[in-house]
Amino acid sequence: MQIYPINNINNNPKFGALKGLRYVGEFNPSTNYEHAKIVDAVINSNAIKQFGEKYNFLARLKRSNGYEPITMTRFFGYYYSLELIPAPVERHQEPRLTLWERIFGKKKNDTEAKAPVEETPKEEKIENLPVEILITNVIEKYNSDAINKFIQQIKSETLDSIEYSLQYYIYEQNKELQKKENQRLEHTRILSQISNM
């Protein structure tokens, strides 16, 4: 029997369009066994895999102490949260013309320089997640078995519940954008009124 060292194990499994995992605060699966169990629950969640058939996203796992820097108080105690966030958009960079090539239109060895041609990106079947969404969280202060409860919440998520959360956050984002647009229009009206005095 051959035993492989742990660092040879592929710890970047392929699963849907979940593009990666981010750890925030004190969340550290490499040193904490319970945190590793949480990551395992996320990776093996059928609902998250199904959601990944529609969207590109990252899963952000957080353990925070609930410290509020503005009021300098700790208001909740430690909590865990799982959020799905939009994956960064990868942009292909074309080589740029040098200063010489821009001025003279040719390379130093007299061959003609061609400006990079911008290609229209190929349309992807899977779109990027439009907003950040909170999937679930748990506060240790109110639950002595917070980690197991958090894992159970992750496992019990359904595709419908994740999609409902997405619709809710899109609605809230649109409401906030509309509020800002209304404020901008009102501000413009007031400035116009002031200038006519």
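Residues numbered from 1 in each chain as written. Predicted model: local features only at pLDDT ≥ 70, side-chain atom pairs only at ≥ 80, totals over all residues. Heavy atoms only, no water.

Points about the packing of helix H1 (residues 33-43) against helix H4 (residues 146-156)
Rules: For helices, the axis comes from a line fit to the C-alpha atoms of the stretch in contact; other axes are also lines fit to C-alpha atoms, and the angle between any two N-to-C directions lies between 0 and 180 degrees. Helix and strand definitions here come from DSSP, where helices need a minimum of 4 consecutive H or I residues and strands a minimum of 2 consecutive E residues; each element is numbered from the N-terminal end. Each angle is binned into one of four classes, with values under 35 degrees roughly parallel, values over 145 roughly antiparallel, values of 65 to 115 roughly perpendicular, and all other values oblique. Should any heavy atoms of two residues lie within 4.5 Å, those residues are considered in contact. Residues are grouped as follows: nonpolar covers Ala, Val, Leu, Ile, Met, Phe, Trp, Tyr, Cys and Pro; charged covers Asp, Glu, Lys and Arg; every other residue, Gly included, is treated as polar.
In contact at an axis separation of 9 Å, H1 and H4 are set at 10° when each is read in the N-to-C sense. As summarised for this structure, H1 and H4 are arranged roughly parallel, according to the angle between their axes. Contacts from Glu 34, His 35, Lys 37, Ile 38, Ala 41 and Val 42 in H1 reach Ile 147, Asn 148, Phe 150, Ile 151, Ile 154 and Lys 155 in H4. Among the residues making up the contact of H1 with H4, the classes are represented as 7 nonpolar, 2 polar and 3 charged.

Topic: helix H5 (residues 159-195)
Formally: By this rule, a helix spans an expected 1.5 Å times one less than how many residues it contains. Three exposure classes are used, based on accessible area relative to the maximum for each residue type with a 1.4 Å probe and protein chains only: buried under 20%, partly exposed in between, and exposed over 50%.
In a regular helix each residue adds 1.5 Å, so 37 residues correspond to 54 Å; H5 covers 54 Å between its end C-alpha atoms and thus fits that length. Taken together, the buried positions of H5 are occupied by Ile 162, Ser 165 and Leu 166. On the buried face of H5, the contacting elements are helix H2 (46-51), strand E2 (55-64), strand E5 (79-86) and strand E7 (133-139).

Some points on the nonpolar core
To be explicit about the condition: Only buried Ala, Val, Leu, Ile, Met, Phe, Trp, Tyr and Cys residues count toward a nonpolar core, and they belong to the same one when joined by side-chain atoms within 4.5 Å.
Ranked by size, the top nonpolar core spans 29 residues in total, and within it Ile 38, Phe 51, Leu 82 and Leu 84 carry the most contacts. When contributions to this core are tallied by element, the ones reaching two or more residues are H1, H2, E2, E5, E7, H4 and H5.

Description of H1
Selection rule: Polar contact is defined as a pair of N or O atoms within 3.5 Å, subject to the rule that within protein one atom must be able to donate a hydrogen and the other to accept it, and that residues adjacent in sequence are counted only when both atoms are side-chain atoms.
Among the residues making up H1, those that are buried are His 35, Ile 38, Val 39, Ala 41, Val 42 and Ile 43. If you follow the buried residues of H1, they end up packed against strand E1 (18-25), H2, E2, E5 and H4. The N-cap residue of H1 is Asn 32: its side-chain oxygen and the backbone nitrogen of Glu 34 are 2.9 Å apart.

A look at the pairing of E2
This is how it is decided: Two strands are said to pair when DSSP picks up at least two bridges between them.
Most of E2 is tucked away, with 10 of its 10 residues classed as buried. Side chains Tyr 55, Phe 57, Ala 59, Leu 61 and Arg 63 of E2 all project onto a buried face; the interleaved residues Asn 56, Leu 58, Arg 60, Lys 62 and Ser 64 project onto the opposite face, where all are buried too. Relative to E2, E1 is paired through 7 bridges, and the arrangement is parallel. From the neighbouring strand, Leu 18 faces E2, where its bridge partner is Phe 57. Where E2 and strand E6 (residues 127-128) come together, 2 bridges link them in parallel fashion. Note that in E6 the partner of Tyr 55 across the bridge is Glu 127.

Concerning the side chain of Thr 136
Position of Thr 136 among the secondary structure elements: in strand E7. On the accessibility criterion, Thr 136 (8% relative accessible area) is buried. In terms of polar contacts, Thr 136 uses its side chain to reach the side chain of Gln 153, at 2.7 Å. Leaving out residues up to four positions away in the same chain, Thr 136 has contacts with Tyr 80, Ser 81, Leu 82, Phe 150, Gln 153, Ile 154 and Glu 157.

Observations concerning the environment of Asn 56
Within the fold, Asn 56 resides in strand E2. Classification of Asn 56 as buried rests on a relative accessible area of 8%. Along the chain, Asn 56 and Glu 127 lie 71 residues apart, while their C-alpha atoms are 6.1 Å from each other.

Some words on the environment of Ile 38
Tracing the backbone through its elements, the reader meets Ile 38 in helix H1. The exposure class assigned to Ile 38 is buried, which follows from its relative accessible area of 0%. In this structure, Ile 38 is in contact with Phe 27, Leu 61, Tyr 80, Ile 147, Phe 150, Ile 151 and Ile 154, ignoring residues within four places of it in sequence.

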